[in-house]
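If you want the building blocks of each chain, they are given just below.
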Amino acid sequence: MGVVTDPRPLLSVDGLVAGYTATDEILKSVELSLQAGEIVSIIGPNGAGKSTLLKVIAGILAPSRGSVHLRGVPIHGRRPREISALGVAFVPQEQNVFPTMTVRENLEMGGYVDPHGSRAKIDAIFTRFPPLAEKRRHAARTLSGGQRQILAMAMALMVEPAVLLLDEPSAGLAPAAAEKLFETIRAINQDGVSIAVVEQNALEALAIAQRGYIMVDGRNSRSGPAAELARDPDVRRIFLGG
Amino acid sequence: MAELLQLLVNGLMAGTVLAVPAIGFTAIYAVLRFPNFALASHATIGAFGGYVANTAGGLPAWAAVAVAFAVAGLVGVLSDTFVLRPLRPAGAITTAIAAVALNIALENVVRFVFGNDHRGYDLPLQRDWQVAAIRIGPQQFQNLVIALIAMAAIFLFLALTRTGKAMRAVADNPTLANVKGVDADRVGRLVSFVGMGLAGVGGMLLGLDTSIDPLTGFRVILSVFAAAVVGGLGSIPGAVVGALTIGVAEELSLVALAPAYRSAVGFVAILLVLTLRPRGILGERAY
């Protein structure tokens, strides 16, 4: 007997409309789907609504129209805590750690919704990310930019998520640190976590992804296999500067 | 020289007692992001709660302090839930002004119930201790110990418990705390309880040294605010450092100034810190 696969996407976004005030629509109509085991990159110019899309999926912002489904169950409009407990972990672009708390305490807060087995999970994270283990008793604000991003992702992994939402993880990092970060993202994905990543660094983002979405002005502009998008001359000219 | 040393010891003891409500003030600021000046009336309410437990209930002073904590904490949660919380979306200034109004109202409730008279706790008469040239009152010393226990308890709570860490997380980064599933309303109620409870303990400790009346808290709020600002608003270790600084400075001011001008120390300290180092001694290190 073959393995029965669920035909539904793990995460699907349909006709999403949202903004920070009632009159201001940043997302005008967005579609997105994420299959189990996949990395999807969302790229586009500044102000396209990429970060807003992740915030709506994570429950920080309520959509005014449209829907977000996780394994076919609607999750839009739920509180961040509930969405996190359902297995969707969001890593914000900035201010994604608790600066005065230690690395270890940050990880504990990462697993706040489900403290069971948190000690074992933290030990596993320390084994996997030795730089974090070395700094376990240091305040998070003392970490380098790259270490801080790793900590932020590790905090998200504390809830053993099915879906990881990353908002511009490489922003502000030196090229070497960014490269290491993309390696980490790929490794997390290989452990079975599906990832939607928003990036300015479009080439790198498409290189680690199976599929890509290009957003312009609050709408989907193009989507397709990441390798095809990365090769497409139009896409390269507009977004990749080449 | 002996006189200076005596003032220094008095200042450190006064500063330690002052640190208790100052921690309450700064903790509330760290989580709820507004200066809750209603802390003054909560200190008074705690002092009177402890007074009733001590004189009518027959509890010794150290046990009545727990009653002071509970009563002031409970009033703190209720007043925050029904008066201040609905105003918080309007901004920190609006909420702070409402807190001043709330303070006047609560102070007058105390006046209505207990009158304007000064009242004293039921305390055993004890002779002062003489250590070399320094005089220390046993009650002063007991207050010092109670204040240290209260501070140690709050530090352990913040460092070791899940709830204490959640409170620090909200103070550090409220948006992220929300993403991670911390219930900000619950943390807000908790910080109101603990912060105002500490104010109540502070009010009672001050009253144990002298007497209490409806203005007990009002007389000390400037020093509490100054301690929090000097240490860095929102920083708990800062509140301790600030309170010791203000306590010692107020006592040492007696060398040069008449006691009536003692409160000028708080004003001067606030002015100096806001001019020279606006983030306070320890900045915004929440914990």
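All chains use their own residue numbering, which begins from 1 and follows the written sequence. Following the order in which they are written, the chains are lettered starting with A and the ligands numbered starting with 1. Where local features are concerned, this predicted model is filtered to residues with pLDDT of at least 70; where side-chain atom pairs are given and counted, the filter is 80 or more; whole-chain, interface and lining totals use all residues.

Draft legend 1. Layout of the overall build of chain B. What counts as a helix is a DSSP run of H or I of at least four residues, what counts as a strand is a run of E of at least two, and both are numbered from the N terminus. Scanning chain B from N- to C-terminus turns up eleven helices and two strands. Ordered by position in the sequence, the α and β elements of chain B form the string α-α-α-α-β-β-α-α-α-α-α-α-α. When we talk radius of gyration, it's over C-alpha atoms, and the globule rule is simply 2.2 Å times the number of residues to the 0.38. Its C-alpha atoms give chain B a radius of gyration of 18 Å, near enough to 19 Å, the size a compact globule of 287 residues would have. If one aligns the C-alpha atoms of chain B with their principal axes, the spans along those axes are about 60 × 45 × 35 Å. By the burial criterion, 52% of the 287 residues in chain B qualify as buried. Two residues qualify as a contact pair if the distance between their C-beta atoms, derived from the backbone, is within 7 Å. A fraction of 77% describes how many contacts in chain B between residues 6 or more apart in sequence connect residues 24 or more apart. Residues with at least 20 neighbouring C-beta atoms inside 10 Å of their own are called buried, those with 12 or fewer are called exposed, and the rest are partly exposed, where every C-beta is derived from the backbone.

Draft legend 2. Region of interest: the overall build of chain A. When you go through chain A residue by residue, the secondary structure sums to ten helices and ten strands. Projected onto its principal axes, the C-alpha positions of chain A cover 50 × 45 × 40 Å. Relative to its full complement of 242 residues, chain A shows a buried share of 45%. Restricting to contacts in chain A with at least 6 residues of sequence separation, those with at least 24 account for 67%.

Draft legend 3. Fine view of the interface of chain B and chain A. On the chain A side, the residues contacting the 17 residues of chain B number 21 residues. Broken down by element, the side of chain B that touches chain A gets its largest block of residues, six residues, from helix H6 (residues 162–172) of chain B. Taken together, the residues that form the side of chain B that touches chain A break down as seven nonpolar, four polar and six charged. Note on residue categories: nonpolar means Ala, Val, Leu, Ile, Met, Phe, Trp, Tyr, Cys or Pro, charged means Asp, Glu, Lys or Arg, and polar means any other residue, Gly included.

Draft legend 4. Summary view of helix H8 (residues 184–209) of chain B. Helix length check: H8 of chain B (26 residues) gives 37 Å between terminal C-alpha atoms against 38 Å at 1.5 Å per residue, within 8%. The buried count for H8 of chain B comes to 21 of 26 residues, which makes it a mostly enclosed element. Expected span, for any helix, means 1.5 Å times one less than how many residues it has.

Draft legend 5. Representation of unusual backbone geometry within the structure. Residues and elements named next belong to chain A. For Arg71, which is not glycine, the phi dihedral falls at a positive 50 degrees. Residue position: Arg71 is located in the loop between strand S4 (65–70) and strand S5 (73–74). Its 16 C-beta neighbours within 10 Å are what place Arg71 among the partly exposed residues. Of note, Asp217 is a non-glycine position whose phi angle comes to about 50 degrees, a positive value. Along the chain, the position of Asp217 falls in the loop between strand S9 (211–216) and strand S10 (219–225). Under the C-beta neighbour-count criterion, Asp217 is labelled partly exposed, with 13 such atoms within 10 Å.

Draft legend 6. Representation of the packing of helix H1 (residues 2–32) of chain B against helix H5 (residues 138–160) of chain B within the structure. All names here are of chain B. Contact geometry for H1 and H5: axes closest at 9 Å, N-to-C directions at 35 degrees. Taken as a pair, H1 and H5 cross one another with a handedness that is left-handed. Of H5, the residues touching H1 (which contributes Met13, Thr16, Val17, Ala19, Val20 and Ile23) are Gln140, Asn143, Leu144, Ala147, Leu148, Ala150, Met151 and Ile154. In terms of residue class, the contact of H1 with H5 is built from eleven nonpolar, three polar and no charged. To obtain each axis, a line is fitted to C-alpha atoms, and for helices this fit is confined to the stretch in contact; angles are then taken between N-to-C directions over 0 to 180 degrees. Put simply, a crossing is left-handed when the front helix is turned counterclockwise from the back one by less than a right angle, and right-handed when it is turned clockwise.

Draft legend 7. Molecular detail of the environment of Leu181 of chain A. Tracing the backbone shows Leu181 of chain A in helix H7 (residues 175–190). Through-space distance from the C-alpha of Leu181 of chain A to that of Gln147 of chain A is 9.1 Å; in sequence the pair is 34 residues apart.

Draft legend 8. How the structure looks around the confidence of the model for chain B. The predictor's confidence in any single residue is recorded as pLDDT, a number from 0 to 100. Averaged over chain B, the pLDDT score is 93; the fraction of residues at 70 or greater is 98%. Here the prediction assigns the complex a pTM of 0.87, and the interface score ipTM is 0.86.

Draft legend 9. Looking closely at the nonpolar core. Residues Leu165 of chain A together with Ala19 and Ala227 of chain B are the most contacted members of the largest nonpolar core, which totals 163 residues. Not counting the four nearest positions on each side in its chain, Ala19 of chain B is found in contact with Ala147, Met151, Ala227, Ala239, Val240, Ala243 and Leu244 of chain B. In this usage, the nonpolar core is the set of buried Ala, Val, Leu, Ile, Met, Phe, Trp, Tyr and Cys residues whose C-beta atoms join them within 7 Å.

Draft legend 10. Broad picture of the pairing of strand S6 (residues 88–91) of chain A. Residue and element names in this part refer to chain A. What you see with S6 is no split at all: Val88 and Phe90 on one side and Ala89 and Val91 on the other are buried throughout. One requirement defines pairing of two strands: DSSP has to find at least two bridges between them. In this sheet, strand S7 (residues 163–167) lies alongside S6 in parallel orientation, the contact comprising four bridges. Bridging across to S7, Phe90 finds its partner in Leu165.

Draft legend 11. Spatial organisation of the environment of Ile60 of chain A. Here Ile60 of chain A shows up in the loop between helix H1 (50–58) and S4. Each C-alpha atom of the pair Ile60 of chain A and Leu181 of chain A lies 25 Å from the other, and the pair is 121 residues apart in sequence. Filtering out sequence-adjacent residues up to four positions away, Ile60 of chain A remains in contact with Lys55 and Pro80 of chain A together with Val179 of chain B.

Draft legend 12. The packing of helix H9 (residues 216–231) of chain B against helix H11 (residues 264–276) of chain B, seen in detail. Residue and element names in this part refer to chain B. Taken N-terminus to C-terminus, the directions of H9 and H11 make an angle of 25 degrees; their axes are 9 Å apart at the nearest point. Taken together, the axes of H9 and H11 are roughly parallel relative to one another. Here H9 runs over H11; the crossing is left-handed. Contact residues: H9 offers Leu222, Ser223, Ala226, Val229 and Val230, while H11 offers Gly266, Ala269, Ile270 and Val273. When its residues are assigned to classes, the contact of H9 with H11 shows seven nonpolar, two polar and no charged. Orientation categories follow fixed angle ranges, with anything under 35 degrees roughly parallel, anything over 145 roughly antiparallel, 65 to 115 roughly perpendicular, and all other angles oblique.

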